[in-house]
Amino acid sequence: MTGRVFLTGAAGFIGFHLANRLLKDGWEVLGFDGLTPYYSPELKEARLSILQGYDTFSFEQAMLEEPGRLTDCIGAFQPDIIIHLAAQAGVRYSIDAPRSYVTSNLIGAHEILEAARAHPPKHLMMASTSSAYGANDEMPYAEQHRAVHPMSFYAATKIANEAMAHSYAHLFDIPTTMFRFFTVYGPWGRPDMAPMKFARAILNNEPIDVYNYGNMQRDFTYVGDLVEGIVRLMGKAPTADPIGPMDSLSPVAPFRVVNIGNGSPVPLSDFIAALEDALGRKAERNLLPMQPGDVVATWADAALIEALVGKLPHTDIKDGVQAFVEWYRGWNRAE
Ligand SMILES: NC(=O)c1ccc[n+]([C@@H]2O[C@H](COP(=O)([O-])OP(=O)(O)OC[C@H]3O[C@@H](n4cnc5c(N)ncnc54)[C@H](O)[C@@H]3O)[C@@H](O)[C@H]2O)c1
């Protein structure tokens with residue numbers, strides 16, 4: 001399957017990897033990204049310069065929330081598939097700067113929905129998050145669990161996105177998949193996330209901040225495995241028929257949410273040990289209490305995605321961290 005993909009957040013961590021994969025697979029990609037200053041615009045530019053090596057890649061630098069801009073771009077490009085990854089990400093920053101989440105994640109997401117309404121794609125795919133499960137402590141997290149008690153404003157905006165997209169899928173018959181991603185890591189990662197924060201501190205002989213005294217578990221998902229999941233789901237636009245009891249398909253709309261995770265939670269201590277091994281240095285741990293907005297553990301139930309697209313690759317944490325560190329050493333020298 002090939003065709004045209006309109007991809008927001010193309011200069012971001014996941015968007016870059018997905019665009020790279022789609023271009024290699026023969027898709028034509030129009031990337032859209034505002035290169036926001038939340039973290040190093042140089043890192044975003046460096047990712048983009050790789051994508052710009054493909055003739056089949058074009059790029060629009062603009063903000064989601066600019067009224068009508070997405071509708072104009074999508075109208076001119078006529079994509080088969082729209083993938084919306086651009087967002088203000090980050091649990092902790094949403095305590096300090098909630099407004100940017102309103103602008104990017106609520107107003108921006110609404111602009112995407114309006115664009116899809118004006119120029120309906122075969123499949124609209126949008127990023128949500130495992131944070132949507134919030135206070136739900138039933139593990140592993142399954143798509144049919146209640147996701148109604150967000151612990152952070154970031155999570156609240158993503159749950160709102162799911163509700164907004166459901167209403168558009170219902171009213172305007174737009175086949176829509178919402179992904180719930182679980183802690184994604186790998187090369188070209190985000191400087192605000194633990195792998196890069198920890199690697200930077202360890203290499204600078206500074207202590208790393210370890211919250212909840214290290215008593216945390218995350219379903220760390222290697223970015224290449226996640227991208228494989230997205231690519232396989234592209235051809236699985238929701239239709240009227242549920243595929244089984246695990247399906248989150250809406251009873252009134254071509255809409256479903258799908259977890260994309262590794263399916264095996266890793267204790268934070270194991271993740272840090274893998275990072276220490278790959279860096280060849282020990283970390284000094286600054287043990288701290290739980291941070292507001294955070295959850296102790298995440299764990300994806302993979303039954304739905306496996307029923308839809310088969311078993312995904314599961315990169316071992318040691319191999320994934322090794323690949324991240326190899327990239328980070330080069331980037332750190334260039335920084
Ligand atoms: N990385 C993870 O572990 C993770 C986990 C769960 C969900 N997600 C979701 O996946 C998506 C991609 O995440 P990521 O890790 O690649 O984040 P990222 O911050 O690296 O990428 C997001 C991109 O969106 C752009 N952007 C943000 N606001 C914008 C706006 N208003 N207008 C135009 N562009 C804007 C940024 O410039 C950035 O390049 C996000 O929706 C995020 O919430 C990520």
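For the structure itself, look to the data block above.
Below is a summary of the structure that appears in this document. (Residues numbered from 1 in each chain as written. Predicted model: local features only at pLDDT ≥ 70, side-chain atom pairs only at ≥ 80, totals over all residues.)

## Overview of the site of the ligand
- By nearness alone, 27 residues border the ligand, and Gly 12, Gly 34, Ala 86, Ala 87 and Ser 104 come closest of all.
- Of all the secondary structure elements, the ones that give two or more residues to the shell around the ligand are α1 (13-24), α5 (98-118) and β5 (123-129).
- Of all the elements, α1 adds the most residues to the shell around the ligand, at three residues.
- Its residues placed into classes, the shell around the ligand shows 13 nonpolar, 10 polar and four charged. (Near = placed C-beta within 6 Å. Helix = DSSP H or I, 4+ residues; strand = E, 2+ residues; numbered from the N terminus. Nonpolar A, V, L, I, M, F, W, Y, C, P; charged D, E, K, R; others polar.)

## Overview of α1
- Taking 1.5 Å as the rise per residue, α1 with 12 residues should run 16 Å; its terminal C-alpha atoms sit 17 Å apart, in good agreement.
- Those residues of α1 not exposed but buried are Phe 13, Ile 14, Gly 15, Phe 16, His 17, Leu 18, Ala 19, Asn 20, Leu 22 and Leu 23. (Expected span 1.5 Å × (residues − 1). Buried ≥ 20, exposed ≤ 12 C-beta atoms within 10 Å, placed from the backbone.)

## Things to note about the packing of α1 against helix α8 (residues 223-234)
- It is at 10 Å that the axes of α1 and α8 come closest, and there the two elements cross at 60 degrees. Taken together, α1 and α8 sit at an angle that is classed as oblique. Handedness of the crossing formed by α1 with α8: right-handed. Between α1, through Ile 14, His 17, Leu 18 and Arg 21, and α8, the contact on the second element is made entirely by Val 223, Leu 226, Val 227, Ile 230 and Val 231.
- Looking at the contact of α1 with α8 residue by residue, the class counts come to seven nonpolar, one polar and one charged. (Axes fitted to C-alpha atoms, helices over the stretch in contact; angles between N-to-C directions. Parallel < 35°, antiparallel > 145°, perpendicular 65-115°, else oblique. Left-handed = near helix turned anticlockwise from the far one by under 90°. Contact = placed C-beta atoms within 7 Å.)

## Focus on the sheet that holds strand β3 (residues 57-61)
- On the basis of which strands lie adjacent, the open sheet formed by seven strands has the order β3-β2-β1-β4-β5-β6-β11 and parallel pairing. Two strands close off the open sheet at either side, each with one partner strand: β3 and β11 (255-260). For this sheet, the mean angle separating the axes of adjacent strands, direction not counted, is 20 degrees.
- The sheet contact formed by strand β6 (residues 176-181) and β11 spans six bridges and is parallel. Looking at the pairing, Thr 176 lines up with Phe 255 of β11.
- Running at roughly 160 degrees to β5, helix α6 (residues 153-172) makes contact with β5, β6 and β11 of the sheet.
- Most of the contacts of α8 go to β11, to which it runs at about 155 degrees, and overall it touches β4 (81-84), β5, β6 and β11. (Pairing = 2+ DSSP bridges.)

## Notes on the environment of Ala 147
- As for its position among the elements, Ala 147 is in the loop between β5 and α6.
- Separated by 132 residues in sequence, Ala 147 and Leu 279 place their C-alpha atoms 38 Å apart.
- Not counting chain neighbours up to four residues away, the residues in contact with Ala 147 comprise Ala 132, Tyr 133, Gly 134, Asn 136 and Ile 159.

## Comments concerning the packing of α5 against α6
- Contact geometry for α5 and α6: axes closest at 10 Å, N-to-C directions at 15 degrees. By the angle between their directions, the pair α5 and α6 is classed as roughly parallel. In the crossing of α5 with α6, the sense of the turn from one axis to the other is right-handed. Facing Pro 98, Tyr 101, Asn 105, Leu 106, Ala 109, His 110, Leu 113, Ala 116 and Arg 117 of α5, the residues of α6 in contact are Phe 153, Tyr 154, Thr 157, Lys 158, Ala 160, Asn 161, Met 164, Ala 165, Tyr 168 and Phe 172.
- Its residues placed into classes, the contact of α5 with α6 shows 13 nonpolar, four polar and two charged.

## Considering the nonpolar core
- Core analysis: the biggest nonpolar cluster contains 95 residues, and Leu 7, Ala 19, Val 29 and Leu 275 have the highest contact counts within it.
- For this core, the leading source of residues is α6, giving eight residues.
- Not counting chain neighbours up to four residues away, the residues in contact with Leu 7 comprise Gly 15, Leu 18, Ala 19, Val 29, Gly 31, Phe 32, Ile 83 and Leu 85. (Core = buried A, V, L, I, M, F, W, Y, C linked by C-beta atoms within 7 Å.)

## Things to note about the pairing of strand β1 (residues 4-8)
- Within β1, four of the five residues are buried, leaving the element largely enclosed by the surrounding structure.
- Two elements, β1 and strand β2 (residues 28-33), share five bridges in a ladder whose sense is parallel. Its bridge partner being in β2, Arg 4 is matched across the sheet by Glu 28.
- Note: β1 against β4, four bridges, orientation parallel. Each bridged residue has a counterpart across the sheet, and for Thr 8 the counterpart in β4 is His 84.

## A look at unusual backbone geometry
- Backbone torsion omega between Met 139 and Pro 140 reads -10 degrees, so that peptide bond is classified as cis.
- With respect to the helices and strands, the residue Pro 140 is situated in the loop between β5 and α6.
- Of note in this structure, Asn 205 is not a glycine but carries a positive phi near 55 degrees.
- What makes Asn 205 exposed here is the crowd of 9 C-beta atoms within 10 Å.

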